[in-house]
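# Per-entry structural report
Here is what each chain is made of, one letter per residue.
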Amino acid sequence: METVFDHNPTDKELERFGGVFESCKVLGIDYTDEKYADTNYYQIGILYSMRADTQKAQEYFGKLKNQAFLRMLWQDCP
């Protein structure tokens, strides 16, 4: 499963995710599991939004199986 870490995030970019990856480790959640695909695509889309790459962000947001996911969550602005 592709994750935000496949896109070489900086420490500063990772700060925007509020420690979610550390929490997953502590709780024993394998966020690389396919069942978290929408979460991972969303996070990658946010990463590209932060980088002001709207086209790439929309590419990942478009991969979400549950598009309602986007209405429940925020999209970052550069």
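Shown above is the structure to which this text applies.
First things first, this report covers the structure right here in the doc.

Definitions and limits used
Residues numbered from 1 in each chain as written. Predicted model: local features only at pLDDT ≥ 70, side-chain atom pairs only at ≥ 80, totals over all residues. Heavy atoms only, no water. Helix = DSSP H or I, 4+ residues; strand = E, 2+ residues; numbered from the N terminus. Rg over C-alpha atoms; globule rule 2.2 N^0.38 Å. Contact = heavy atoms within 4.5 Å. Buried < 20%, exposed > 50% of the residue type's maximum accessible area, 1.4 Å probe, protein only.

Let's shift gears to the overall build of the protein chain. Within the protein chain one finds five helices and zero strands. Each helix (α) and strand (β) of the protein chain, taken in turn from the N terminus, gives the series α-α-α-α-α. Computed over its C-alpha atoms, the radius of gyration of the protein chain comes to 12 Å, within 12% of the 12 Å expected for a compact globule of 78 residues. The dimensions of the protein chain, computed from C-alpha atoms along their principal axes, are 35 × 30 × 20 Å. Counted over contacts in the protein chain with a minimum sequence separation of 6, partners at least 24 positions apart contribute 64%.

What follows covers unusual backbone geometry. Here the phi dihedral of Asn8 falls at roughly 50°; this positive angle occurs in a residue that is not glycine. Relative to the assigned elements, Asn8 resides in the segment before helix H1 (11–15). On the accessibility criterion, Asn8 (63% relative accessible area) is exposed.

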